[in-house]
Amino acid sequence: MDLLIAANTVTQAQADTAPTSGTPGWATDGNPATGLLATDAPAWHYNMMMSELIAIIKAAGFTPSNADWSQVLKAMQTIFASAQYGVAPYSATLAQLIGGYPAGVIVMGATAGQFWVSTADANLSVPGADGAKWISLFDGLATSGQLLAAGYLSGLYALDTGAVNALAITIPLQPASVAALTGTPLRVHIAQTNTGPASLNVNGLGAVPIEQGGAALSGGELVANSTAIFVFDGTAMECVATGQGAVNVGQATAGSHAMQFSQAWSTRGLKTITGDMVLTADDFGYVFQTPTAATSSVTITLPDAANNIGRCLIFYNNSSGPMTLKAGNFNTSYGSGVPAIVLPGNSTAVLVSDNVSYNGISGSAAAGSGVRPMAVDGVGLWRGVPTSGSGSSTYFTLPPGGTWAYLVSNNGISAASIAAGGANVLGPFTPNNLMSLCWRIA
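Residues numbered from 1 in each chain as written. Predicted model: local features only at pLDDT ≥ 70, side-chain atom pairs only at ≥ 80, totals over all residues. Heavy atoms only, no water.

A. Helix H2 (residues 71-79), seen in detail. Within the sequence span of H2, burial applies to Gln71, Ala75 and Ile79. All buried residues of H2 project into a common sector of 70° when viewed along the axis, lining one side. In this structure, H2 carries Leu73 and Gln77 as exposed residues pointing more than 90 degrees from its buried face. Packed against the buried residues of H2 are helix H1 (43-59) and helix H3 (92-98). (Buried < 20%, exposed > 50% of the residue type's maximum accessible area, 1.4 Å probe, protein only. Helix = DSSP H or I, 4+ residues; strand = E, 2+ residues; numbered from the N terminus. Arc of directions from axis to C-beta. Contact = heavy atoms within 4.5 Å.)

B. Quick look at a nonpolar patch on the surface. On the surface, Ile106, Leu137, Phe138 and Leu141 cluster together into a nonpolar patch covering about 360 Å² of accessible area. Residue placement: phenylalanine 138 occurs in the loop between strand S3 (134-136) and helix H4 (144-150). Judged by its relative accessible area of 39%, phenylalanine 138 is partly exposed. (Patch = residues over 30% accessible without salt bridge, like charges linked within 9 Å, V, L, I, M, F, W, Y side chains within 5 Å. Areas by Shrake-Rupley, 256 points an atom, 1.4 Å probe, with all protein chains shown as cover. Salt bridge = Lys/Arg side-chain N within 4 Å of Asp/Glu carboxyl O.)

C. Molecular detail of the nonpolar core. Core analysis: the biggest nonpolar cluster contains 23 residues, and Leu167, Ile210, Leu222, Phe230 and Met237 have the highest contact counts within it. Of all the secondary-structure elements, those providing two or more residues to this core are strand S4 (156-159), strand S5 (166-169), strand S6 (185-189), strand S7 (199-202), strand S8 (207-212), strand S10 (227-232) and strand S11 (237-242). The biggest single contributor to this core is S10, with three residues. If we skip the residues at most four places from it in the chain, leucine 167 touches Asp160, Gly162, Val188, Ile190, Ala198, Ser199, Leu200, Asn201, Ile210, Leu222 and Phe230. (Core = buried A, V, L, I, M, F, W, Y, C linked by side-chain atoms within 4.5 Å.)

Take it as geometry only, folks, not as evidence of what the structure does.
Below, the structure written as structure tokens:
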């Protein structure tokens, strides 16, 4: 639409304007019967209506044209097209048209996901600009990316949708790279048991090798229908926990470490004996060996067998001189119930603590059927028993605790029986011809 093209029209500056006084009213065609005259529509009223319509057309960016009689409709469709978003994008044109956005209105920003709230009425400022009277709808709230970067997200759970040895998951976050996940635990429901080295792909960002204990997987660590926890360490996805599978561990280097299967029945290394030594609990698992050319004797004091049950020490006397081993008690081919044993040249002793004694389980020190590598509280231990008293009142007392079998030989007469620990075995005995031994059996 456009302004009137006809004779006797004038410019806008000459156009009639509304009167400054009078009472606004509605038009009528008049009523001759009552003498009511018809309303005389003045030019200023026409000018007012056209001005309103032309303003809408121009606000939408159109040029008025009398050849298009739908320009007002098109203008309205253009101006309010953003209403289809629910929350409309910011429009500088609309802001000018309505005299500025009111306080509290919400608009979309220029970047997807941005929303702004007007903080003032008649707001003609542009959201995001310096000094603008807008604040972010999420002001004071952290985004998922910010939470991820700050390390506040943990325990993300996802289902494995990948293939065997090629795990793949999708998480609700949108990290820019795998590096953004550094330190974030990922709980994954495993779909298929791995058969060898495996990888994990998060959100299609690329396959990352999975490690456990600093080494690639071997197979069977990730079991189908179990849950594993992975943490990206900057290089690999470290499997820090697995529900049912085997666990890879680093090589044990101290007595308190879990060991690899390949380390079972293997030693921690070799230590050379160059003189007398006093060993500590940290020496268990080593092989101690004298130099071949050594000829002098050496004395090795072992750690207390107590609190070291099942732990092993290995000695190889590779010299011609004797090697004396000292501890509270030994049960070996070189002596039982004794506090020291002597290994001759070119001999070995593999000793295991049973929490009371060191027992020879291999090498020349093996004690045969008397070996008790896991005995408890000295069961199976032979001891000599001294006598007490004098003359016909001579007796001996069994060691305290448990049950003991004993053997007595006196003046060519032998007797054997079983008694509780601490019991007195009465004579009469002849002390000079008495031999007595006891063996703890329980």
